[in-house]
Amino acid sequence: MKFYQTNWFLRISAVVIAVILWIYVVYVENPSYETWVRGIPVTYTNMVQEFEDGKLMLVETDDDTIDIKIRGRRRLISGIYNTEMVAMVDMLGITREGTYSLPVNINFGSDGIEILEKKPYNVQLTVDRVVSEQRDIEVNSKGSMRAGFVLGESTSSPATITLTGPKSLLERVAHCAITVDFSDVAQDVKGLYKIKLYDASNNEVTDERIIKNVEYTDVYYEVLPTKILTVKPALTEQTNANGNTIEATVVPERVTVKGDAQILADITEIFTVPIEVSGVREAVTAQVGLELPEGVAFADDAISSTVTVSLQVK
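Residues numbered from 1 in each chain as written. Predicted model: local features only at pLDDT ≥ 70, side-chain atom pairs only at ≥ 80, totals over all residues. Heavy atoms only, no water.

Visitor: Whenever I open this one, the environment of asparagine 202 confuses me. Can you help?
Guide: Here asparagine 202 shows up in the loop between strand 13 (196-198) and strand 14 (204-205). We classify asparagine 202 as partly exposed; its relative accessible area is 47%. Polar side-chain contacts of asparagine 202 include one of 3.1 Å to the side chain of histidine 175. (Helix = DSSP H or I, 4+ residues; strand = E, 2+ residues; numbered from the N terminus. Buried < 20%, exposed > 50% of the residue type's maximum accessible area, 1.4 Å probe, protein only. Polar contact = N/O pair within 3.5 Å; in protein donor to acceptor, adjacent residues only side chain to side chain.)

Below, the structure written as structure tokens:
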């Protein structure tokens, strides 16, 4: 049997005829064709000078790309890719902060293509005004110092930071802070610490559109040893004008102080200011100040600088 009389010949012939017909339809007849083109990047044009000057900023958009359904001749559409299309949002006339809904315009770079559908048809965007604000730099501490040591004087430079960015973003920043670790510290703490921004829930704010004029602050914390001293009442005399013996008790009997280690090493007790007893005729109680040696202070700065002295006449 000859080849042209076989089933294989008929099959091959059918395929060839189908290909010829497809080529004829596509390249000769060139019929109308519909398709979706997805992921076309959106660009923003005709922004006013305030955007260039950094006074206004586009802070939020609901879509960065757009999908379109188009119709045109097959040969024309088959040669178009989304990278050759430009989706433009005209910002002309946007001169103040606010939320806007603007149409998206498509440029194909060639004629003969019809847009049937756009998703989305409009782009929702938010424009905000750029402002600058000065904030204090707070210090957050973590960890416990070694027993017998407390903090003395401290300095930080700078103590404030200037933030620049969209107003709505700066409103999210509740405080600016550094974190210093005092775990088992027994000597002065110093160094550069990174300034971080936090919202009201203490979550870190890391939006790059917020510009800080400084990234670090230089911190120094004096660390001082403490010592417990016995409080002694400093009576001007042991008796009153009548010759009666005066006895004194003090509350509290001991206080904790801080200071230079060499100074603390030489003292074990602390005296009240002089108490005049010559005119004391009966029991009396009074608040009396303490005479702290130079370079010594109370370990707790919030503690009262006086003690209660009770005088008894014997």
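Visitor: Is there a simple way to explain the side chain of threonine 272 in this structure?
Guide: With respect to the element layout, threonine 272 can be found in strand 19 (residues 269-272). Of the residues examined, threonine 272 reaches a relative accessible area of 1% and is grouped as buried. A polar side-chain atom of threonine 272 sits 2.9 Å from the main-chain amide nitrogen of alanine 234. Threonine 272 has contacts with Val231, Lys232, Pro233, Ala234, Val288, Gly289, Leu290, Glu291, Val307 and Val309, leaving out every residue within four places of it along the chain. (Contact = heavy atoms within 4.5 Å.)

Visitor: Sorry if this is basic, but what is going on with the sheet that holds strand 7 (residues 114-119) here?
Guide: Through backbone hydrogen bonds, the strands of a sheet pair up, either in parallel or in antiparallel fashion. Taken in spatial order, the five strands make up an open sheet running 6-4-1-3-7, and their pairing is mixed. Of all strands in the sheet, those bounded by a partner on one side alone are strand 6 (105-107) and strand 7. When the angles between neighbouring strand axes are averaged without regard to direction, this sheet yields 35 degrees. Pairing between strand 1 (residues 32-45) and strand 3 (residues 65-73): eight bridges, direction antiparallel. Residue pairing in the sheet places valine 37 in a bridge with isoleucine 68 of strand 3. (Pairing = 2+ DSSP bridges. Axes fitted to C-alpha atoms, helices over the stretch in contact; angles between N-to-C directions.)

Visitor: I tried to follow the pairing of strand 8 (residues 122-142) on my own but got confused; where do I start?
Guide: It is a general feature of regular strands that their side chains alternate between the two faces of the sheet. In the sheet, strand 2 (residues 56-61) pairs with strand 8 via five bridges, with the strands oriented antiparallel. Considered in strand 8, the bridge of threonine 61 is made with leucine 125. Two elements, strand 5 (residues 98-103) and strand 8, share six bridges in a ladder whose sense is antiparallel. Paired with leucine 102 across the strands is valine 123, a residue of strand 8. Direction of pairing for strand 8 relative to strand 10 (residues 160-166): antiparallel, over a ladder of seven bridges.

Read these as spatial facts, not as claims about activity.
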